[in-house]
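The chain contents come next:
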Amino acid sequence: MNRIIRVFTVSALAAGIAACGGGNDTGNTGTVSIGLTDAPALEFSNVTVAFTGMSLKPEGGKWIEFDFARPKTWNLLELQGGLSEPLITDEEVPAGAYSEIRLYIDTSQSFANLASAPDVPKTLAAPSGEQSGLKLKGEMVVAADTTTDFTIDFDVQKSIVDPQGESLADYLLKPTLRLVNNLEVGSISGQVDYGTINQDPNLTDCSADYEGAIYVYTGADASPTDLNVSLEEAGPLMTIPVTDQDMDGLYEYTAAFLPAGDYTISYSCQLDDNETTDKVEFLGTQNVSVIPNTDTKAETIPLVL
């Protein structure tokens, strides 16, 4: 499978910085930086993707190509909790609006490992990616005479699909990405008292050897749902596994690169594999407002009444 696959799809393109309007023919330029982060996955221990380049499409202009001298290869699961890696940095481009972005990857250098079988690499394929690649039109604005920083959130949990039958690879890569303006995002962090939850049979029935995850939904007062919702329902924006880094019994999480606004968060310690129709139980549902360049602290779960 020695071929280069062009892949791009974005949900929620962000603009919001004033720039020259009316195409990109004014002669003014700005610089743009675009980094990559990941919303964590629950069933994978490693998702390595090799990026070979990217393209930007100015409105009314020609494609601007960025070919990497060497593939930029990362385990996306290491880019969590506010960490990111640069795709392009301080590149001078025409100022104005851009309508499309494409990411180019090499599937022959990309693979995934399941958490249940970490020593067995799984191949990845990108359907419909051999011709023009997967893409989405939207709006991104590069300001004149300054640097505009963006981050692409590569949501592995939603992007890797079991083909459930004959396929070119073990898994299909159907990326779900969010592009956010770094000046307009903040984060939510908090703690989960997993010991209390796991020891109290009245709270919930936790899955074995699983400490759970925080589910983040756009908007206040959202009704928590698992990842297996119909197209008519609004599922979680991201899921964040909790971890006890300090070994103090309190499990921590950080949901990063969230555009300013209102969110609903909730916790579940029941496995959600994105492939079944089983409903999961949620605890500690609460509203949290995100402010740009600010880490908002959520209440500790379970909530103290």
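As the structure is a prediction and not an experimental result, all values here were calculated from the model. (Residues numbered from 1 in each chain as written. Predicted model: local features only at pLDDT ≥ 70, side-chain atom pairs only at ≥ 80, totals over all residues. Heavy atoms only, no water.)

J.: Please give an account of the overall build of the chain that cites residues and values.
T.: Counting secondary structure elements, the chain contains two helices and 20 strands. Looking at the chain residue by residue over its 305 residues, the buried ones come to 49%. Intrachain contacts of the chain at a sequence separation of at least 6 include 76% that bridge at least 24 residues. (Helix = DSSP H or I, 4+ residues; strand = E, 2+ residues; numbered from the N terminus. Buried < 20%, exposed > 50% of the residue type's maximum accessible area, 1.4 Å probe, protein only. Contact = heavy atoms within 4.5 Å.)

J.: Which residues make up the state of the cysteines, and what values do they have?
T.: Per the stated rule, a full pass over the model turns up one disulfide. The residue that forms a disulfide with Cys206 is Cys269, at a sulfur-sulfur distance of 2.1 Å. Every disulfide takes its handedness from the sign of the S-S torsion; for Cys206 and Cys269 that torsion is -80°, giving left-handed. Of this pair, Cys206 sits in the loop between α2 (194–199) and β15 (213–218) while Cys269 sits in the loop between β18 (261–268) and β19 (283–290), placing them 63 residues apart in sequence. (Disulfide = S-S within 2.5 Å.)

J.: Tell me what's going on with the sheet that holds strand β17 (residues 251–259), and back it up with residues and numbers.
T.: Pairing is mixed across the open sheet formed by three strands, whose spatial order is β17-β14-β20. Whereas interior strands pair on both sides, the edge strands pair on one side only; in this sheet they are β17 and β20 (295–297). The average undirected angle you get between the axes of adjacent strands in this sheet is 25°. As paired elements, strand β14 (residues 185–192) and β20 share three bridges and run parallel to each other. (Pairing = 2+ DSSP bridges. Axes fitted to C-alpha atoms, helices over the stretch in contact; angles between N-to-C directions.)

J.: Talk me through the nonpolar core; I want residue IDs and the actual numbers.
T.: Considering soluble globular proteins, one finds that nonpolar side chains tend to be buried as a cluster. Within the largest apolar cluster, 37 residues are counted, with the highest numbers of intra-cluster contacts made by Ile34, Phe51 and Leu87. Counting residues per element, this core draws most heavily on strand β3 (residues 44–58), at six residues. When residues no more than four places from it in sequence are discounted, the contact partners of Leu87 are Ile34, Gly35, Leu36, Phe51, Met54, Phe68, Lys72, Trp74, Leu103 and Ile152. If you look at the next biggest cluster of nonpolar residues, it comprises 24 residues, including Cys206, Ile214, Leu258 and Tyr263. (Core = buried A, V, L, I, M, F, W, Y, C linked by side-chain atoms within 4.5 Å.)

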